[in-house]
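Residues per chain are reported as follows:
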Amino acid sequence: MKYAWSFLSELIRKHEAIHTEPLDELYEALAEILTAEEPTRCHRSYVLPSGDSVTLSESTAIISHGTTGLVTWNAALYLAEWAMENPAGFAHRTVLELGSGAGLTGLAICKMCRPRAYVFSDCHSHVLEQLQGNVLLNGLSLEPNVTALAQHPGHDTADAESPRVTVARVDWDVVTAPQLAAFQPDIVIAADVLYCPETVLSLVGVLQKLSACQKDQRAPDAYVAFTIRNPETCQLFTTELGRAGIPWEEVPRHDQKLFPYEEHSEMAILKLML
């Protein structure tokens, strides 16, 4: 809407500058825009290295319905870039994403990294509804639940665009280790979920539960990406990881920048040894 307003205003200005009377239709169109309500939804598309794209339906507000999970945040873009630069870490594996938000990271991995299965998860009803819509919007099929996802644990595919996908409600404070184990994750990821001390503590708690999810005699790999907005919050995260007995190391910065996040944003990815 802002673009249309700017375009029409500039077009009218150029007509007036050369003493040409603008068409009445231009004024009418501008009047319609000025009296229209701002939309609450928008679509954003992100082009992938393959030439394919991820298109998302998102909120136009950073916070809506009491959550920040209806928009794409910088660390989700950063983690998606890293994943696409390291596809072997996801190929033919089951991925569990914590706090999937709008779904950008997972959809990019599904299209570019050939996972066997992908579990998007969140706990807010509006986020889950939007997630389901975005999965379908990008041409992927949804399994009805984790039980259906697990019915074919040996499922493998050579088609990079057809992993088994489900959207699950996961409340970090109440989910149990057996419920997490039912996802059978080989790898766990999360992006931009360190935004306050309360979520840090909840995240570490769910990571502790995931450390008990042994598959083929080993716990899943885990990667957490975040924007360093408040160093104290990031310090709290690493401190709590230490208290929980979860070793970690920082992943080296990747080379490719594909997405339009702010250049000055300081971001990091931690690999956790669950």
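In what follows, the accompanying structure is described. Throughout this description, residue numbers start from 1 for each chain and increase along the sequence as written. Residue-level local features of this predicted model are given only where pLDDT is at least 70; pairs of side-chain atoms are given and counted only at 80 or more, and the full residue set underlies all totals for whole chains, interfaces and linings. Hydrogens and water are ignored here; the side-chain numbers use all heavy atoms of the structure.

Next up on the list: the overall build of the protein chain. Looking only at helices and strands, one finds nine helices and nine strands in the protein chain. Within the span of the protein chain, comprising 274 residues, buried residues form 47% of the whole. The contacts in the protein chain between residues at least 6 apart in sequence include a share of 70% that link residues at least 24 apart. Surface accessibility follows the Shrake-Rupley procedure with a 1.4 Å probe radius. Residue values consider only the protein chains on display as shielding. When the accessible surface of the protein chain is summed, it comes to about 13,800 Å², and 53% of that surface belongs to carbon and sulfur atoms. Under the DSSP-based scheme used, a helix requires at least four consecutive residues in state H or I and a strand at least two consecutive residues in state E, with every element numbered from the N terminus. Exposed residues in this analysis have more than 50% of their type's maximum accessible area, buried residues have under 20%, and partly exposed residues fall in between, with area computed by a 1.4 Å probe over protein chains only. When checking whether two residues touch, look at their non-hydrogen atoms; a contact exists if any pair is within 4.5 Å.

Turning to the side chain of Asn 134, a few remarks are in order. Following the sequence through the fold, Asn 134 ends up in helix H5 (residues 125-137). Between N or O atoms, a polar contact is any pair within 3.5 Å; within protein, one atom must be a potential hydrogen donor and the other a potential acceptor, and residues adjacent in sequence are included only when both atoms are from side chains. A distance of 2.9 Å separates a polar atom in the side chain of Asn 134 from the backbone oxygen of Ala 102. Once residues within four sequence positions are removed from consideration, Asn 134 is found in contact with Thr 55, Leu 56, Ser 57, Ala 102 and Leu 107.

A word on the packing of helix H8 (residues 197-210) against helix H9 (residues 231-243). Following both chains from N to C, one finds H8 and H9 inclined at 25 degrees, their axes separated by 10 Å at the closest point. Classified by the angle their axes make, H8 and H9 are roughly parallel. Relative to H9, H8 is oriented so that their crossing is right-handed. On H9, the residues that touch Pro 197, Val 200, Leu 201, Leu 203, Val 204 and Leu 207 of H8 are Thr 233, Leu 236, Phe 237, Glu 240 and Leu 241. Of the residues belonging to the contact of H8 with H9, the class tally is nine nonpolar, one polar and one charged. Lines are fitted to the C-alpha atoms to define the axes, a helix being fitted only along its stretch in contact, and any angle between axes, read from their N-to-C directions, falls within 0 to 180 degrees. Any angle from 65 to 115 degrees is called roughly perpendicular, while one under 35 is roughly parallel, one over 145 is roughly antiparallel, and all others are oblique. Crossing handedness: left-handed means the near helix sits turned counterclockwise from the far one by under a right angle, and right-handed means the same turn made clockwise. Under the grouping applied here, Gly and all other residues not named as nonpolar or charged are polar, the nonpolar ones being Ala, Val, Leu, Ile, Met, Phe, Trp, Tyr, Cys and Pro and the charged ones Asp, Glu, Lys and Arg.

A few words on the nonpolar core. Here the nonpolar core consists of buried residues drawn from Ala, Val, Leu, Ile, Met, Phe, Trp, Tyr and Cys, with membership extended through side-chain atoms lying within 4.5 Å. If you look at the biggest cluster of nonpolar residues, it comprises 41 residues, and the most contacted ones within it are Phe 90, Phe 120, Ile 189 and Phe 259. The residues contacting Phe 90, other than those within four sequence positions of it, are Trp 82, Ala 83, Val 95, Ile 109, Cys 113, Arg 114, Pro 115, Ile 187 and Ile 189. Leu 96, Val 188, Val 193 and Leu 272 belong to the second-largest nonpolar core, a separate cluster that totals 30 residues.

Time to look at helix H3 (residues 74-85). What a helix should span is 1.5 Å times the count of its residues minus one. For H3, built from twelve residues, the straight-helix expectation of 16 Å at 1.5 Å per residue is met to within 8% by its first-to-last C-alpha distance of 17 Å. The buried count for H3 comes to eleven of twelve residues, which makes it a mostly enclosed element. Tucked inside the fold, the buried residues of H3 contact strand S1 (41-47), helix H4 (104-112), strand S6 (187-191), strand S7 (221-227) and strand S9 (267-273).

The next subject is the packing of H3 against H4. Contact pair H3 / H4: the axes reach a minimum separation of 8 Å and the direction vectors enclose 15 degrees. As summarised for this structure, H3 and H4 are arranged roughly parallel, according to the angle between their axes. For the pair H3 and H4, the crossing hand works out as right-handed. In contact with Ala 76, Leu 77, Leu 79, Ala 80, Ala 83 and Met 84 of H3, H4 contributes Leu 104, Thr 105, Ala 108, Ile 109 and Met 112. The residue inventory of the contact of H3 with H4, partitioned by class, reads ten nonpolar, one polar and no charged.

Another point: the sheet that holds S6. The strands that make up a sheet pair up through hydrogen bonds in the backbone, lying either parallel or antiparallel. Taken together, seven strands build an open sheet; the order of strands is S5-S4-S3-S6-S7-S9-S8 and the sheet is mixed. Each having just a single partner strand, strand S5 (164-169) and strand S8 (248-250) make up the two edges of the open sheet. Here the average twist between neighbouring strands, direction ignored, is 20 degrees. Taken strand by strand, H5 contacts strand S4 (117-122) and S5, and its axis lies near 170 degrees from that of S5. Helix-sheet contacts for H8 involve strand S3 (94-98), S6, S7 and S9, and the interaxial angle to S3 is about 160 degrees. When DSSP finds at least two bridges between two strands, those strands are taken to pair.

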